[in-house]
Amino acid sequence: MIAPFLYSQPGAGYQKEYRFLHSANLTADKNFYWLTVIDQTPALQKLLAGDISLKTIYDRRLTLLKTHVSDTCAWPASLVTDFRFTPSDSMDIAGILHNLYRDNKALFDQIINEHLRPSGYYQRFIPLSNEDLLLHAWGQTVVGINYIIDQFGLGKKMRYPRIDSASYDVNSRYYRTALKDMFAYLSEMTADMPLFYHPSLAIALQLMDLNDRDEPARFEPMATGENQAACQEIPHTDWSKYKYATIVIPGNGPELTTTPISPINKMHCSIAAMRYKAGWAPFIIVSGGYCYPFRGPYCEAIEMRKFLMQRFGIPAQAIIIDPHARHTTTNIRNADRLIIRYGIPITKPSVFITTRSQLSMSAADAFDRRNLYELGYLPYRDKQQLSIHDISFYPVMESLHMDPYDPLDP
């Protein structure tokens, strides 16, 4: 087993000192972290591979993958549907994991206490026992794999179809050809798929790759890359000089593919620059990914940073990018994540800066209900409208929890 960085006590949650394990696929790591941990824990791999019931599930899916290389199945529904996990599949595997946990408690507790809990990726499950956390992590994996197959394999219109859909008509001749080729391609790699979840995981990840949806991996690792200058400043910041910890700017994507930054986003940045120069906070977080227009070439956070530096002379070390958020809910959630992981004090409020139209939506109770519906929690506490452009809030630890319903920004 790979030596752990630290040992977390049962019941504990996120620890800043935790160092993530990484596979060769950062998109997989962000969406399915506990599977990454399994894949780098030989003792647990051996245990799962040796279970007869799990091997039956594995053999059936691996055989199906190989069969689709040469069979007559030609449509997405016939090719990828059986790689989803049905409710019956999920319950059967949960029962197997329950029994394996009871018989191998020390091994499972070790990966849960040393990786799943301190990573923060399962922060909302922290109050649970280790066994229940394990089963909830499995349930979340089922949701995530099924969501990807539904969206990018079957072409279903999921949460935000305007920006998150498959890049192609999945029933087009081109895409159907690509799917058949995908099975032939993956059949060459079955030696690297030894566990029950690997065939379905491989299908899901390859479907994202077919659609060029690698957004979760873009600009990573940010702490030693795009955000390095700011991260070096954070430990030396005198927080007592500032009323707010950060100024958060949400993205607003352009309507035209030829436009790097929208007119509304320019106003967002202009307001934030005024607040920064007035000494409200030492750092600005610009939040927004490749969202609008669909498959557009510009990342909102990157273009906002450029605009702030070029138009207003904001120094690079004062700007933190979040190039992954795709919605207003995740603008705040992702800002929380950066605040927490970068060591910015969560006992000091941050301020969310936007234009009148978006602020009216964000300040309303309906926005709270939207967060509860989409995320399952509020990614802020003590939200307070300060003006027609400003909302103050405190970050919450639950924001670290990965979201299986948003594979492009989990």
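Our structure is the block above this text.
From a predicted model like this one, the values you see are computed outputs, not experimental measurements. (Residues numbered from 1 in each chain as written. Predicted model: local features only at pLDDT ≥ 70, side-chain atom pairs only at ≥ 80, totals over all residues. Heavy atoms only, no water.)

Draft legend 1. Structural detail: the pairing of strand β5 (residues 381–385). Here β5 runs beside strand β6 (residues 390–394); their pairing, made up of three bridges, is antiparallel. Looking at the pairing, Q384 lines up with S392 of β6. Once β5 ends, the chain turns through four residues before running back antiparallel as β6. (Pairing = 2+ DSSP bridges. Helix = DSSP H or I, 4+ residues; strand = E, 2+ residues; numbered from the N terminus.)

Draft legend 2. Highlighting empty space enclosed by the protein. In the structure shown here, the tally under the stated rule is three cavities of 30 Å³ or more. In this structure, the largest cavity occupies an estimated 50 Å³ of space. In terms of lining residues, the largest cavity is bounded by Y147, Q151, R159, Y160, D164, H327, Y405, D406, P407 and L408. A per-class count over the lining of the largest cavity returns five nonpolar, two polar and three charged. For the second largest cavity, the calculated volume is near 40 Å³. Along the walls of the second largest cavity sit I332, F352, S362, F367, Y380, K383, I391 and F393, which together make up its complete lining. Across the lining of the second largest cavity, the residue classes tally to six nonpolar, one polar and one charged. (1 Å grid on protein atoms, 1.4 Å probe; cavity = no way out; pocket = protein on both sides within 12 Å on 5 of 7 lines; lining within 4 Å. Points joined across faces, edges and corners; volume = space filled by probe spheres on them. Nonpolar A, V, L, I, M, F, W, Y, C, P; charged D, E, K, R; others polar.)

Draft legend 3. Representation of the packing of helix α4 (residues 52–67) against helix α11 (residues 198–210). Interhelical geometry of α4 versus α11 gives an angle of 40° and a closest axis separation of 8 Å. One finds that α4 runs oblique with respect to α11. Within the contact between the two elements, α4 uses Y58, R61, L62 and L65 and α11 uses P199, S200 and I203. Of the residues that constitute the contact of α4 with α11, the class distribution is five nonpolar, one polar and one charged. (Axes fitted to C-alpha atoms, helices over the stretch in contact; angles between N-to-C directions. Parallel < 35°, antiparallel > 145°, perpendicular 65-115°, else oblique. Contact = heavy atoms within 4.5 Å.)

Draft legend 4. Region of the structure containing the packing of helix α6 (residues 87–103) against helix α7 (residues 105–119). In contact at an axis separation of 5 Å, α6 and α7 are set at 105° when each is read in the N-to-C sense. In terms of axis orientation, α6 runs roughly perpendicular to α7. Of the residues in α7, those in contact with L100, Y101, R102 and D103 of α6 are K105, F108, D109 and I112.

Draft legend 5. Spatial organisation of unusual backbone geometry. In this structure, the amide linkage connecting E220 to the following residue, P221, adopts the cis form with an omega of -5°. If you trace the backbone, P221 turns up in the loop between α11 and α12 (228–233). Across the junction of Y292 and P293, the peptide omega takes the value -15°, indicating a cis bond. Looking at the secondary structure, you find P293 in the loop between β2 (283–287) and α14 (300–312). Unusually for a residue other than glycine, D212 sits at a positive phi of about 55°. Looking at where D212 falls in the secondary structure, it is placed in the loop between α11 and α12.

Draft legend 6. Representation of the state of the cysteines within the structure. Counted by the stated rule, this structure contains zero disulfides. Sulfur of C269: no disulfide; nearest cysteine sulfur belongs to C299 and is 12 Å away. Taking the relative accessible area as the measure of exposure, C269 reaches 0% and is therefore buried. Looking at C291, it has no disulfide partner, and the nearest cysteine sulfur is the one in C299, 8.0 Å off. You can call C291 buried: its relative accessible area is 2%. (Disulfide = S-S within 2.5 Å. Buried < 20%, exposed > 50% of the residue type's maximum accessible area, 1.4 Å probe, protein only.)

Draft legend 7. Summary view of the sheet that holds β6. Taken in spatial order, the six strands make up an open sheet running β3-β2-β1-β4-β6-β5, and their pairing is mixed. This sheet does not close on itself; its edge strands, each paired only once, are β3 (319–322) and β5. Averaged over all adjacent pairs, the angle separating strand axes in this sheet is 25°, with direction ignored.

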